[in-house]
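Listed here are the chains, written in short residue letters.
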2 protein chains.
Amino acid sequence: MTRRQLTPRQVELVAERFKALAEPSRLRILQALRGGERTVTELMEATGFGQANLSKHLQVLHATGFVARRKAGVSVYYSLADDDVLALCDLVCGRIERELADRRRALAR
Amino acid sequence: MTRRQLTPRQVELVAERFKALAEPSRLRILQALRGGERTVTELMEATGFGQANLSKHLQVLHATGFVARRKAGVSVYYSLADDDVLALCDLVCGRIERELADRRRALAR
DNA sequence: CCACTGTATCGTTATATAGTTATATGAGCC
DNA sequence: GGCTCATATAACTATATAACGATACAGTGG
């Protein structure tokens, strides 16, 4: 299961994927997409972000393969590409929860 | 398995974790640690990074809980805190490989 | 105490990018 | 064609941070 040595190029690609997830704004967009596909306008309402800003974040998420894009007439529908994103977030969330639990336990001691 | 809504604060914490992994230099350090715990000096040799730079990256990885620290005399030994890092990287690597395979298939068509 | 080694921190510079405003592209309708 | 709405892109500013050199701060041995 553990991966072999990665080439510098591969390491960069991995870092690029993590960087796409390293922004609270983009995580909030992904969260908003958990309810199903949404247009940019719908996402503006859901997140409160400006249109240009939102569009740029969506480009990043699409370029890194985390969201899928579907054009329908004038609108563009974005959706989660698969559930890897959720798996990644769950892993990290689990870590954070464990840390917090540890810290609480340490303080209560 | 899918997580409930996260608070803004929690989203920030998650983003912070991803950001720690969003740097090729830090990924290379983590790779170097897959062989077991290493001192800063050993990591300098393994990665070719400058000492100050390396130390700062290690602080980030430690603050985000990805590496553990053990002082022994003058030296400080760093190691992978657990294998979540490997699981995270594997997930992302799998995605990249699938993308590359898809692209190859599209070109070969 | 002094010198030495290993690690952490500080100060600086260069680069990346989030957010904003203004503008461009493009589809559907008159 | 012109008009409007939805989305994307460009140009800019402000902020973050990676990398580097210099320095500070332990531990250890003399």
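From a predicted model like this one, the values you see are computed outputs, not experimental measurements.

S.K.: I would appreciate a short explanation of the sheet that holds strand 1 (residues 38-39) of chain B in the present structure.
M.R.: Adjacent strands of a sheet form backbone hydrogen bonds with each other and so pair up, either parallel or antiparallel. Residue and element names in this part refer to chain B. Here three strands make up an open sheet; going across it, the order is 1-3-2 and the pairing antiparallel. Both edges of this open sheet fall to strand 1 and strand 2 (67-72), since each of them pairs with a single strand only. Bridge analysis of strand 1 against strand 3 (residues 75-80) gives two bridges, and the strand direction is antiparallel. In the sheet register, Thr39 faces strand 3, and the bridge partner there is Tyr77.

S.K.: What am I meant to see in the protein's contact with DNA strand C here?
M.R.: Around DNA strand C, a shell composed of 19 residues is seen, among which Ala52 of chain A together with Thr39, Val40, Thr41 and Ala52 of chain B lie nearest. Among the elements of the structure, helix 4 (51-63) of chain A together with helix 3 (40-47), helix 4 (51-63) and strand 3 of chain B are those that each provide at least two residues to the surface near DNA strand C. Looking at the surface near DNA strand C element by element, the count peaks at six residues for helix 4 of chain B. Within the surface near DNA strand C, the residues separate by chemical class into seven nonpolar, ten polar and two charged.

S.K.: I would appreciate a short explanation of helix 2 (residues 24-32) of chain B in the present structure.
M.R.: It helps to recall that an α-helix has 3.6 residues per turn; residues three or four apart then point in one direction. Arg26, Leu27, Arg28, Ile29 and Leu30 of chain B are the residues of helix 2 of chain B that are buried. In this fold, the buried residues of helix 2 of chain B make contact with helix 1 (8-20) of chain A together with helix 1 (8-20), helix 3, helix 4, strand 3 and helix 5 (84-108) of chain B.

S.K.: Just checking my understanding: could you explain the packing of helix 5 (residues 84-108) of chain A against helix 1 of chain B for this structure?
M.R.: Geometrically, a packed helix pair is captured by the angle between its two axes and the distance between the axes. At a minimum axis separation of 10 Å, helix 5 of chain A and helix 1 of chain B run at an interaxial angle of 110 degrees. Judged by the inter-axis angle, helix 5 of chain A sits roughly perpendicular to helix 1 of chain B. For the pair helix 5 of chain A and helix 1 of chain B, the contacting residues are Cys89, Val92, Cys93, Arg95 and Ile96 of chain A in the first and Leu13, Val14, Arg17 and Phe18 of chain B in the second. Along the lines of polarity and charge, the residues of the contact of helix 5 of chain A with helix 1 of chain B split into seven nonpolar, no polar and two charged.

S.K.: Explain the packing of helix 3 of chain B against helix 4 of chain B to me, please; I cannot follow it from the model alone.
M.R.: Residue and element names in this part refer to chain B. Following both chains from N to C, one finds helix 3 and helix 4 inclined at 110 degrees, their axes separated by 10 Å at the closest point. The angle between the axes of helix 3 and helix 4 places the two elements in the roughly perpendicular class. Of the two elements, helix 3 crosses helix 4, and the hand of that crossing is right-handed. Touching Val40, Leu43, Met44 and Thr47 of helix 3 are Gln51, Leu54, Ser55 and Leu58, all from helix 4.

Parameters and conventions
- Here the residue index of a chain counts from 1 through its sequence in written order.
- To read the labels, note that chains go from A and ligands from 1, taken in the order they are written.
- Predicted model: local features are reported for residues with pLDDT of at least 70 only, side-chain atom pairs are reported and counted for 80 or more only, and whole-chain, interface and lining totals are derived from all residues.
- Paired strands, in this sense, are two strands between which DSSP finds at least two bridges.
- Only DSSP runs of H or I reaching four residues or more are called helices, and only runs of E reaching two or more are called strands; each is numbered from the N terminus.
- All residues are tested the same way: a C-beta atom is placed from the backbone, and lying within 6 Å of a molecule or strand makes the residue near it.
- Three classes are used: nonpolar for Ala, Val, Leu, Ile, Met, Phe, Trp, Tyr, Cys and Pro, charged for Asp, Glu, Lys and Arg, and polar for all others, with Gly counted as polar.
- A residue is called partly exposed when the number of other C-beta atoms within 10 Å of its own lies between 12 and 20, exposed at 12 or fewer, and buried at 20 or more, with C-beta atoms placed from the backbone.
- C-beta atoms are first placed from the backbone for all residues, and any pair lying within 7 Å is then listed as a contact.
- Axis lines are fitted through C-alpha atoms, for helices just across the contact stretch, and the angle between N-to-C directions can take any value from 0 to 180 degrees.
- Geometric relationships in this document are graded by angle, where less than 35 degrees denotes roughly parallel, more than 145 denotes roughly antiparallel, 65 to 115 denotes roughly perpendicular, and other angles denote oblique.
- Put simply, a crossing is left-handed when the front helix is turned counterclockwise from the back one by less than a right angle, and right-handed when it is turned clockwise.

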